[in-house]
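Residue-level structure breakdown
The chain contents come next:
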Protein chains: 4
Amino acid sequence: MGPGAGASADDIRAAYVLGQLIARADWVLVTGGRATGVMDAACRGARAEGGLTVGILPTDDARGMSAAVDIPILTGMGQARNNINVLSSVAVFACGMGAGTAAEIALAIKAGKPAILLNVAEAGQTFFAELGKGQVHLVNTPEEAVALAKRLITGA
Amino acid sequence: MGPGAGASADDIRAAYVLGQLIARADWVLVTGGRATGVMDAACRGARAEGGLTVGILPTDDARGMSAAVDIPILTGMGQARNNINVLSSVAVFACGMGAGTAAEIALAIKAGKPAILLNVAEAGQTFFAELGKGQVHLVNTPEEAVALAKRLITGA
Amino acid sequence: MGPGAGASADDIRAAYVLGQLIARADWVLVTGGRATGVMDAACRGARAEGGLTVGILPTDDARGMSAAVDIPILTGMGQARNNINVLSSVAVFACGMGAGTAAEIALAIKAGKPAILLNVAEAGQTFFAELGKGQVHLVNTPEEAVALAKRLITGA
Amino acid sequence: MGPGAGASADDIRAAYVLGQLIARADWVLVTGGRATGVMDAACRGARAEGGLTVGILPTDDARGMSAAVDIPILTGMGQARNNINVLSSVAVFACGMGAGTAAEIALAIKAGKPAILLNVAEAGQTFFAELGKGQVHLVNTPEEAVALAKRLITGA
């Protein structure tokens, strides 16, 4: 999860690597599916490594969809689809910050899912770490994010 | 699409074959994802042929999910998820009839998708053929259903 | 519930009277809220009698909303909002027929709500009466529809 | 909007007064509708002043609903209903903080609605003020919240 049009160059670089690592871990990548920002970069990264990508779109057709989405889920329900992204994920990676990303981190906390924050500025780190207690994890690199998710998921 | 607990033995046989043919056509199978009736049979059929199966579930966790679902989409939104099944499909196959199936055929008509009806009794055939005009197609076998979908999709 | 742009003059007349009678019964009217067809006519009828009207809209803003809606619920989720209309209703009146109306009658059956059908042609009567068994009721006038709903709701 | 079970005594006192002031302003109060925390207190406050209350519930029936809800909207879609609360509101008051509340403030920013924060601790103030720029307003009392909303809505 992460910003669309508002993503920084650094968010996009990190999201691409995150997508690659998720694919190499043999996980399915779930994103918001649009052809912009973090969603698009993560899908492109996963595809570059032969991964499978699911895009849960806010729209009722495939216009504006990332070309690197393999399985489009067309919800036609706008931002209400954020909750489906979260419920369908085993762990939520947030890369960068925007209003939609903040909603998804909050919904992940509500749903009891681990949320791993990368490229999130101090105010967001402080707020979500407090809101989500043990569920929210702060990391500095995509590699650290995926290594942590592996430990959280397998309990290893 | 088709009934869950209310599916007949014949609905389940037809759904299993439909799943097989969908997989052999190299299409992704989208169902309601629960471990019952037509959804489960179609997923099992597709998996038997090495196909990929998406289950768009009404629940917010994976309890009650068909073991033959590869990609679970957990919506937590009950029957409102029927519209997502329809929007995410290129063509809708209805196999048998129930209240949820009827809602999905009606939503397919509303969304402008082709709906192919198999194992639907006369009253349903008459009603939906009239409601959906050129969008609703009546077939007698899974083979006929998939052959028709191929023609509709490719325009061949 | 009933067709929008596809409503007949007779559907609209019946919906207006239905709205009036619902208001006189001191019930809150719930419709799909758009400024067209049965939704709009029922809201106008209810308002003419001083009733309260709720419109559960498919859109995320109030453009295209009936001017006779008192309480707009903006869902931004298209046809998936039909399930909210049904769940939020004690009884569902269908006046006329269209793809959206058919979906709502089917969802009412699924949700265990009584569905009262007015101005529905024979094919629809036959299909839904069979699908919904004791839950689906066929009536000939708005007066009969509301009298029946009173009996069903109060058990009198 | 505000926490349910996690609401503090102070959140509940402030929400009750907010409900009273919303009713006195002749506005319709929209809440999440459950019989707990800020939602319940705001509805009780509004009702005490003769206001009209809408509850947009996560459930598909009225169990667990605040007794002070006049118009229950039963969505059956869990936390995805938060987006409907926000879209259906002209301005969003957040009173206290929790994961659901944070999601709603973020969705309000995304939807371009003004968000007025009361009883929000410093980390949340800092984060949302930055995220929502001119859309997020920090206030200290219910009176200040409603006075500000009046100015924002009427542009006076």
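Whatever comes next refers back to the structure up there.
Remember, it's a predicted structure, so these values are computed and weren't measured experimentally.

The rules we used
Each chain carries its own residue numbering, running from 1 in the direction its sequence is written. Following the order in which they are written, the chains are lettered starting with A and the ligands numbered starting with 1. Local features in a predicted model are, by the rule used here, given only for residues with pLDDT of at least 70; side-chain atom pairs are given and counted only at 80 or more, and totals for whole chains, interfaces and linings are based on all residues. By convention in this description, side-chain values take in all heavy atoms of the structure and omit both hydrogens and water. Secondary structure follows DSSP: runs of H or I at least 4 residues long count as helices, runs of E at least 2 residues long count as strands, and numbering of each begins at the N terminus. The size measure is the radius of gyration over C-alpha atoms, and the globule rule it meets is 2.2 Å times the number of residues to the 0.38 power. To sort residues, take the accessible area from a 1.4 Å probe on protein chains only and compare it with the maximum for the residue type: under 20% means buried, over 50% means exposed, and anything in between is partly exposed. Contacts: residue pairs with any heavy atoms within 4.5 Å of one another. Using a 1.4 Å probe, accessible areas were evaluated by the Shrake-Rupley method; residue-level cover was limited to the displayed protein chains. When charges are counted, Lys and Arg are positive and Asp and Glu negative, with His and the chain ends excluded. The location of each charge is read from NZ of Lys, CZ of Arg, CG of Asp or CD of Glu. Buried area, as used here, totals the accessible surface that two parts lose on assembly, with accessibility defined by a 1.4 Å probe and the loss added over both. Counted as salt bridges are all cases of a side-chain nitrogen of Lys or Arg within 4 Å of a carboxyl oxygen of Asp or Glu. Two N or O atoms form a polar contact when they lie within 3.5 Å of each other; inside protein one atom must be a possible hydrogen donor and the other a possible acceptor, and for residues adjacent in sequence the pair counts only when both atoms belong to side chains. Basically, the charged four are Asp, Glu, Lys and Arg, the nonpolar ten are Ala, Val, Leu, Ile, Met, Phe, Trp, Tyr, Cys and Pro, and anything else, Gly included, counts as polar. Two aromatic rings, drawn from Phe, Tyr or Trp (for Trp, its six-membered ring), form a pair once their centres lie within 6.5 Å of each other, and the interplanar angle then sorts them: stacked below 30 degrees, edge-to-face above 60, tilted otherwise. We place a 1 Å grid over just the protein atoms. Points where a 1.4 Å probe fits but has no way out form a cavity, open points with protein on both sides within 12 Å along at least 5 of 7 lines form a pocket, and any residue with an atom within 4 Å of a point lines it. Grid points are joined across faces, edges and corners, and a volume is the space filled by probe spheres set on the points. Take the buried residues of types Ala, Val, Leu, Ile, Met, Phe, Trp, Tyr and Cys, join any two whose side-chain atoms come within 4.5 Å, and each joined set is a nonpolar core.

**Regarding the overall build of chain A**
Of regular secondary structure, chain A possesses six helices and six strands. Shown N-terminal to C-terminal, the secondary structure of chain A runs as helices and strands in the order α-β-α-β-β-α-β-α-β-α-β-α. Its C-alpha radius of gyration of 14 Å places chain A within 12% of the 15 Å reference for a compact globule of 156 residues. If you line up chain A on its principal axes, its C-alpha atoms span 40 × 30 × 30 Å. Taken across its 156 residues, chain A has 62% of its residues classed as buried. Intrachain contacts of chain A at a sequence separation of at least 6 include 54% that bridge at least 24 residues. Split by element, the accessible area of chain A, about 5700 Å² in all, is 52% carbon and sulfur. On chain A, the mean spot of the 12 positive side-chain charges and the mean spot of the 13 negative ones are 3 Å from each other.

**Details of the interface of chain D and chain C**
Counting residues at the interface gives 15 residues for chain D, matched by 15 residues for chain C. When the two sides are added together, the surface that chain D and chain C hide from each other amounts to roughly 1200 Å², 76% of it contributed by carbon and sulfur. Inspection of the chain D/chain C interface yields zero salt bridges. Summed over the shared surface of chain D and chain C, the number is two residue pairs in polar contact (both at pLDDT 80 or more). Elements represented by at least two residues in the side of chain D that touches chain C include exactly β2 (53-57), β3 (71-74) and α3 (82-87) of chain D. For the side of chain D that touches chain C, the per-class residue count stands at eleven nonpolar, three polar and one charged.

**Regarding the packing of aromatic side chains**
Tallied over the full model, the rule gives ten aromatic pairs over all chains. Ring geometry for Phe127 of chain A against Phe127 of chain D: centres 5.3 Å apart, planes inclined by 10°, an arrangement best described as stacked. You can see Phe127 of chain A sitting in helix α5 (residues 122-132) and its partner Phe127 of chain D sitting in helix α5 (residues 122-132), one on each of two chains. The exposure classification of Phe127 of chain A matches that of Phe127 of chain D, with both residues buried. Their ring planes at 65° and their centres at 5.0 Å tell us that Phe127 of chain C and Phe128 of chain C sit as a pair that is edge-to-face. Summarising the burial analysis for this pair, Phe127 of chain C and Phe128 of chain C share the class buried.

**Some words on empty space enclosed by the protein**
Here the structure, examined in full by the defined rule, presents one cavity of 30 Å³ or more. Its volume calculated, the largest cavity comes out at about 40 Å³. The wall of the largest cavity is formed by Gln79, Ala80, Asn82, Asn83 and Leu107 of chain B together with Gln79, Ala80, Asn82, Asn83 and Leu107 of chain C. When contributions to the lining of the largest cavity are tallied by element, the ones reaching two or more residues are α3 (82-87) of chain B together with α3 (82-87) of chain C. A class-by-class count of the residues in the lining of the largest cavity yields four nonpolar, six polar and no charged.

**Points about the nonpolar core**
The biggest cluster of nonpolar side chains holds 40 residues, and the ones touching the most others in it are Leu117, Phe127 and Phe128 of chain B together with Leu117, Phe127 and Phe128 of chain C. Secondary structure elements with two or more residues in this core: β4 (92-95), α4 (99-110), β5 (115-118) and α5 (122-132) of chain B together with β4 (92-95), α4 (99-110), β5 (115-118) and α5 (122-132) of chain C. The contact partners of Leu117 of chain C, leaving out residues within four places of it in the chain, are Ala94, Ile105, Phe128, Val136, His137, Leu138 and Val139 of chain C. Of all hydrophobic cores here, the second largest spans 39 residues; its members include Ala115 and Leu131 of chain A together with Met1 and Val136 of chain D.

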